[in-house]
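A look at the structure
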Amino acid sequence: MSSLWSFVSCAVLVMFAFLAWIPLGVAQRTAKSQPHVVVIGVNGMELDVIRPLLLQGKMPNLSSVIKKGSYGKLRTLSAPNCPRVYSTLFTSTTPEEHGVTGFVVGGITANTNMLKEEPIWSVLSKKGVSVGMANVPATFPVMPVNGYMISGMLTRGKNCEDGILCAPKLSEVQGGDAVYPAAMKAELLKNVGDFYIDCERMPSAADLKGHEAEAIDGWLKKIQLIRDQQTQLFEYLLDSHPMEFTWLGQSCEDRTGHWLYPIAPYNAGYNPKINAVRTEAFPDQYVAFDKVLGVVLKHVDDNTYVIIVSDHGIKPLREFEETDPHAHLDHEKTTPVVAKHDFADGDDVPGSFFAMGPGIKHDLRLMGFQASVYDIAPTILHIYGIEQPVQMRGHVLTEIFEGSDSKVAQK
Ligand SMILES: [Zn+2]
C-alpha cells in the first residue's frame, strides 16, 4: 500500500502543481455541486468537563449542534496522542499502517512525509471536491490539495525547532511549507497578519517555581491571543475561500488540561500553588472554543454538514502511572502534568463527535462505543457519495442518518 500511496501522492503532486493560486477559484466553479462539510477538530475534548458546562448553558453553540444533530463518544486508539490519532482520522487505518505512530517516529518529529496511507484530503481532491484545511494537527509540511492547506500542530519553526507543542508564527516557519499553495502565504500575512500556527508550549517546572500565578496568567493570555488569531484566520478563509470540504483545528484545550485540569487534592500530582490558582482555566478553554464554534456556525447554512470531532479525552493521572510504558510520552519535558491521555487503554479517554446537517438525525446520542476514530473518514466520504477505499478500516456511521433504524442508537 505504501508504494501505491507514494505513487498516488506523486501523481497528485504533479496534478496540483498546475493548480496555482489563481485556478483555485476555477476549480470551485467547474466542480459539480457537492455537499458542504465543515469539520472542526478539537484536540482533547473532555466530556467530563464539557457536560457540566452544557448544563450551565456556557456552551450554547455546542448545545445547538447537539439539539440539531447526533453525537457520542468516539472510541480512540491505545495510548492516544494527537498525531497518532489524527493520522487515523485522516486515513481510517492503524498507526502501524499509516506510519505516524506518535509525536516522534524513528527519532524524527512526525510529519506528512511519513504517511503511508492516503489521507482523506487526497481522496476528496482527486474526486473534484474543493478542500480547505487550517491548523489541523499533523499536516506539516502541507500537501497539495484541490484548494488550500495551512498546517497546524507539529509545524516547525523559530523557537520551535522540534515542532512539538510549540507556536511558530507563520513568518517563522522553517523546514517545510506551512501553506499550500505557496502564494497564499503572502495573502494571509497581508489580510490576517502574522498568526501563530499552533498553541503555545506549556511553561516548564522551572518557569513556574515561585511565580506560579503570574506564569499561569501570562500563558493563558498568550493562548487566548493565539485562539483569537486562529478565529480571525478561520473567518477570513470561510469568507474569502469557501470550500466544499473544510477542516479547521483547535489545540489549546488539551494543552491547558494537561497541567491545569481542575483536579481535587486527592488526585496524584496535586500542587495547590498551581492547581488551586485558576481552577476555571481548563473549563474556560471549552467556553472559548464554543465562541470559535459560534463564529464558524455563522458561516454555514442549513445545507452544510458540521462535524466536531475530538481525537481523545483527557483525564487526571491514574493507577500504574509509574510502570506504564506510555507514561508521559506525549508531553514529557514540559511542566509536570496532572492529567493526560496516552493511557495504554484508550477507552479510558474516549474522543467525541458531534454532527449535524441534511439527513442527520436530531437529538440522537450514540451509546457505548458505536463510533470510533476509524469511522470519521468513511462517514465524510459517504456524505460525498464516494466509496470507501478498501484499506479504510472504519465504517460509515449509518446510525446517525435518517432512514436507518438502529435500535441501539436511540436516546
Ligand atoms: Zn495532549
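By convention here, each chain's residues receive numbers from 1 onward along its written sequence. Whole-chain, interface and lining totals are the exception, using all residues; otherwise, since this is a predicted model, local features are given only for residues with pLDDT of at least 70 and side-chain atom pairs are given and counted only at 80 or more. The side-chain quantities take in all heavy atoms of the structure and omit both hydrogens and water.

Examining helix α3 (residues 47-55)
Burial classes follow relative accessibility: with a 1.4 Å probe on protein chains only, a residue under 20% of its type's maximum area counts as buried, one over 50% as exposed, and anything between as partly exposed. Each helix is a run of H or I in the DSSP string that is no shorter than four residues. Each strand is a run of E no shorter than two, and both are numbered from the N terminus. Those residues of α3 that fall on the buried side of the exposure criterion are Leu47, Val49, Ile50, Leu53 and Leu54. Projected onto a plane normal to the axis of α3, the buried residues spread over an arc of 155 degrees and lie on a single side. Where the residues of α3 are buried, they touch α4 (60-68), β2 (70-74), α13 (281-297) and β12 (351-356). Its side-chain oxygen placed 2.9 Å from the backbone nitrogen of aspartate 48, glutamate 46 serves as the N-cap of α3. One or two positions beyond α3, positive phi appears at glycine 57, with a value near 75 degrees. In this description, the arc belongs to the directions extending from the helix axis to the C-beta atoms. Whether two residues are in contact is decided by their heavy atoms: any pair within 4.5 Å suffices. Polar contacts, as counted here, are pairs of nitrogen or oxygen atoms within 3.5 Å of one another; within protein the pair requires one atom able to donate a hydrogen and one able to accept it, and residues that are adjacent in sequence qualify only if both atoms are side-chain atoms.

Points about the sheet that holds β12
In sheet architecture, strand pairing relies on hydrogen bonds along the backbone and comes in two forms, parallel and antiparallel. On the basis of which strands lie adjacent, the open sheet formed by 9 strands has the order β7-β6-β5-β8-β1-β9-β12-β2-β13 and mixed pairing. At either margin of the open sheet sits one strand with a lone partner, and together these are β7 (179-180) and β13 (364-366). Looking at chain direction, strand β9 (residues 304-310) and β12 are connected through 5 bridges and run antiparallel. Within β12, the residue paired with valine 309 across the bridge is phenylalanine 353. When DSSP locates at least two bridges between a pair of strands, those strands are taken to pair.

A short note on the state of the cysteines
Two cysteines form a disulfide when their sulfur atoms are joined by a covalent bond. We call a pair of cysteine sulfur atoms a disulfide when they lie within 2.5 Å. One pass over the full model with this rule turns up 2 disulfides. Paired by a disulfide, cysteine 160 and cysteine 166 hold their sulfur atoms 2.3 Å apart. Between cysteine 160 and cysteine 166, the S-S torsion sits near 80 degrees, and that sign places the bridge as right-handed. Taking the relative accessible area as the measure of exposure, cysteine 160 reaches 1% and is therefore buried. Relative accessible area serves as the criterion here: at 3%, cysteine 166 is assigned to the buried category. Covalent S-S linkage joins cysteine 199 and cysteine 252, the inter-sulfur distance amounting to 2.1 Å. Because the torsion about its S-S bond is 115 degrees, the bridge between cysteine 199 and cysteine 252 counts as right-handed. Linking cysteine 199 in the loop between α8 (184-191) and α9 (205-208) with cysteine 252 in helix α11 (residues 252-260), this pair joins segments that are 53 residues apart in sequence. Classification of cysteine 199 as buried rests on a relative accessible area of 0%. Of note for the chain: the bonded cysteines, numbered N- to C-terminal, pair according to 1-2, 3-4.

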